[in-house]
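Inside the fold
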Amino acid sequence: MSKTVFIILFSGFYFYSSAQNTVPEKMIAALDSFSFLRPQEKTYVQTDRNDYITGESIWFKTYALLNEKPTILSKVIYVDLVDQSGTVTEKKMLKLKDGTANGVLDIKPEWAPGDYYLRCYTMWMLNFPAFITEKKIRILNYAKPAKERQGPASNAGLHVNFYPEGGNLVTGLKSIVAFKALDENGDPVTVSADVVNSKNEKVATFNSIHNGMGSFELTPAANEVYKANVQFPGGRLKIFSLPAAKEEGITLSIDNSNANKAFIKVERSEKNKAKYNNLLVTAQINYQVAYMGKLNIEEGLDAAAINKKNLPPGIMQVTVLTEDGQPLAERIVFVANHTTGNSLLLPGITNLDKRKKNTITLNAQEFSNLQAAVAVTNANSESSKYNSTIFSSFLLSADIRGNIHEPGYYFNDKEPVTLQHLDLVMMVNGWRRFNLEEIMANKFSQLRYPFETSMSITGKVLQSNGKSVLRSGKINLIIKGEDSTNIMSQAKTNEHSVFVADNIDFQKGATIYYQGTNTSNAEAIVSVKIDSIYFDTLHKAGLNNGTILSTTSPAAYLQQLLDEKKKKDTTFGKTLSEVVVKSKRRSEVDSLNAVYASDIFYGSDQTLLLNSNINYYDVWQFLRMMVPGIAINETDTGKQVNFTRYQGVDMFSENATNSGVQFFLNEIAVNISLIDGLDPSDVAMIKVFKGVTGIALGADRGAIAIYTIKGRSTRDWRDKGFDIYRRSGYSAMREFYEMDYSQVRPNNDIADIRTTIYWNPEIKIKDGKAIIEFYNDDVCKKFKVVIEGVDANGKLLHVEKEIE
């Protein structure tokens, strides 16, 4: 893609990119080359909410962009949930389609409470780890209260960093100095200070104005040093040194408060001032040159104005260089050309009564092929207000170094004070996706990770000694997936003995049978080395931000749920006499549950094992024999399975016999036709879910989960000389259970308390509108609606509204 250069006219001076000045041409070529050789993918993970209780699930949707549009390169995405120690407590590998993927993470009951971080990234993004964003998730556990932060015995953890505008202080030149104050836990803190010189004379004062940030003016004198006497909360005082001033150079100041223009001002030192007379000013956003112009300070050309009106939203990098291309000063500013989407949420039917239907409408006419998700939650369930959003992630966090506290705040509105605070973020955080001098000299960072265009199996086929190259090697692969996938594949080696078997597609896990050969001599003995996959080796994750335990009190609604859960699970009011506990051998059912069943599938109405002494004709024969009240009928469209005589089924449905049972194969929802082909001898266990247990799986008419024996193959390929190993596949998917009181009787006695009222990761657009329908629970009196997404052209959507 060629770059567009916007030619700017200012102060009667015309600048044209031409052969007479090669620096601008080199810069444009360098940006072109960098964006081509190091394309930057960005990701964002949208969750149904930010605060959770152990035992619940995190529903999420991921978005991956390349050059501000849905990525067309990576087809695999990873989501990690990282605890306070940096350990990956849960991980998912998902298949990207149109730059998005949906998933769910289950929070285990034994997890410690506190702040966790969701990391979402592609394999390619591991080449640029500093720009992988994280989303903070708060997990509560009534059985394990969060540890209280202890007050520091000293001031060792308190810190203030100073950032002169443009990069440096210069003797005799007035500069704006921004600062950021953090407490011992890494949180922003309110401070005030006096700035003094070496004679302890006060030369400036400052106060933080937002999230520990602020700024002040300083004109450094020659041969002088400055310190800040900073007052922290609690009367604590700490002294910090300011950056030393340079004897010569330039200062750069930018006024970005105007909606349409950014005004630039440059001053130079008296020392060696001729060296800093003729300067080049450039600005780039998304690797496109947005402005380029010359300054001649001697002739009064020391300022410029950049037209922001037609620029895309995001971070713009402004650099001042010498005539020969040496950068002198740099500053980033934010181009706030984004639009909030709250006006796109049209009035609908609101009914806050118990179990009543609600309707909202999204006007999506300005979007092309919109990929979006909607979450409706109890508005009283959140303790944090300004967590990350699709705007803050793609336009801010993904392009900036350092932690941003409450990033969603900066996109809540476009009020002058909000934009002023956002400009402080620009001054105290760095932007270094590339070093301009290095890329102009064709120096690029090394790459360790490729684009993943599919799930693949890679390795080497070597000669029998396991070391020497085999130029005519081949590998045969047979893949037996837990999701009943059966794949046969072949791959030849290249000149380095490397093979790649790609387009492998299965969920959960698989047993891989493999055999290496020499294509020129099928009887030759060869050595095969299979590469470990990143997903299977992922255990620790380096965090961009320090992880800490949270002490913020949970939202009142979540505290109520925690208290109720504690009451149910704890015995009160009686001291028990001595109890003798006798252990017993774990049953075969318990053993199989431990091996095969995840938490959400663990509790069922029946857990059945096939009798190995009986030769069943098919799975249906076994189900008819062992499951009371099951009806298996042949219809014109195939088999129809229902629970017709289950006691209490009418409590959930007015017409239970008209809906079929949902089948799961190795915990993956499948069509009933797939069960027809199952060999009963391959079945390890069958679990039956009726009524309440079925609803938990999103199957209000009941469900049957069938588990096949892990690693079982109808033909043992190892007898034919195949070796074997296990590997993971794409994470299994399941749907969010939507309570539909048009199908489930609204007057049943089971309490309906849902923190997440509704979650839909794939909003359907028809005639430019999306109709969103959901039923209230028993307690919610104020809904929080969040809709986020991106369309085919990279246009972002964020809607956030409370309805009461």
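Each remark here, short or long, concerns the structure printed above.
Keep in mind the model is a prediction, meaning the values are calculated, not measured. (Residues numbered from 1 in each chain as written. Predicted model: local features only at pLDDT ≥ 70, side-chain atom pairs only at ≥ 80, totals over all residues. Heavy atoms only, no water.)

Moving on, we come to unusual backbone geometry. At E68, a residue that is not glycine, the phi angle is positive and equals roughly 70 degrees. Along the polypeptide, E68 turns up in the loop between strand 5 (57-66) and strand 6 (69-70). Among the residues examined, E68 registers a relative accessible area of 26% and is labelled partly exposed. Located in the positive-phi region is Y287, a residue other than glycine, with phi close to 70 degrees. As for its placement among the helices and strands, Y287 is situated in the loop between strand 21 (278-285) and strand 22 (288-296). For Y287, a relative accessible area of 8% translates into the label buried. (Helix = DSSP H or I, 4+ residues; strand = E, 2+ residues; numbered from the N terminus. Buried < 20%, exposed > 50% of the residue type's maximum accessible area, 1.4 Å probe, protein only.)

This part is about helix 9 (residues 619-626). Taken as a whole, helix 9 has its buried residues at V619, W620, F622 and L623. With its buried residues spanning 160 degrees around the axis, helix 9 presents them on a single face. For helix 9, the N-terminal capping position is held by D618, with its side-chain oxygen 3.2 Å away from the main-chain nitrogen of W620. (Arc of directions from axis to C-beta. Polar contact = N/O pair within 3.5 Å; in protein donor to acceptor, adjacent residues only side chain to side chain.)

The next subject is a nonpolar patch on the surface. There is a patch of nonpolar side chains on the surface, built from I614, M625 and M626 and spanning about 250 Å² of accessible area. Assignment of secondary structure puts I614 in the loop between strand 35 (606-608) and helix 9. Overall, the relative accessible area of 35% leaves I614 in the partly exposed class. (Patch = residues over 30% accessible without salt bridge, like charges linked within 9 Å, V, L, I, M, F, W, Y side chains within 5 Å. Areas by Shrake-Rupley, 256 points an atom, 1.4 Å probe, with all protein chains shown as cover. Salt bridge = Lys/Arg side-chain N within 4 Å of Asp/Glu carboxyl O.)

Turning to the pattern of salt bridges, a few remarks are in order. Summed over the entire model, instances satisfying the criterion amount to 28 salt bridges. One salt bridge in this structure joins R49 and D48, with 3.3 Å as the shortest N-O distance. The residues R49 and D48 share a single accessibility class, namely buried. Across the salt bridge formed by K275 and E248, the nearest N and O atoms sit 4.0 Å from each other. Highlighted residues: K275 in the loop between strand 20 (261-268) and strand 21 and E248 in the loop between strand 18 (237-241) and strand 19 (250-255), separated in sequence by 27 residues. Given a relative accessible area of 53%, K275 falls into the exposed group.

Attention now moves to the packing of aromatic side chains. Counting across every chain of the model gives 29 aromatic pairs. Ring centres of W124 and F128 lie 6.0 Å apart, and the angle between their planes is 65 degrees; this geometry places the pair in the edge-to-face category. Owing to a relative accessible area of 12%, F128 belongs among the buried residues under this scheme. One aromatic cluster in this structure is built from Y78, Y121, Y534 and F535. Sitting over the ring of F643, K690 keeps its end group 5.0 Å from the ring centre. For the cation-ring pair, K795 lies above F367, with the distance from its terminal atom to the ring centre recorded as 5.6 Å. (Phe/Tyr/Trp six-rings, centres within 6.5 Å; stacked < 30°, edge-to-face > 60°. Lys NZ or Arg CZ within 6 Å of the ring centre and 35° of its normal.)

This part takes up the pairing of strand 18. Burial along strand 18 is one-sided: the residues K238 and F240 are buried and none of L237, I239 and S241 is. Pairing geometry for strand 17 (residues 227-231) and strand 18, over five bridges, is antiparallel. Among the inter-strand pairings, K227 is bridged to a residue of strand 18, identified as S241. Counting the residues between successive antiparallel strands, the hairpin from strand 17 to strand 18 contains five residues, one of them, G234, with a positive phi of roughly 80 degrees. (Pairing = 2+ DSSP bridges.)

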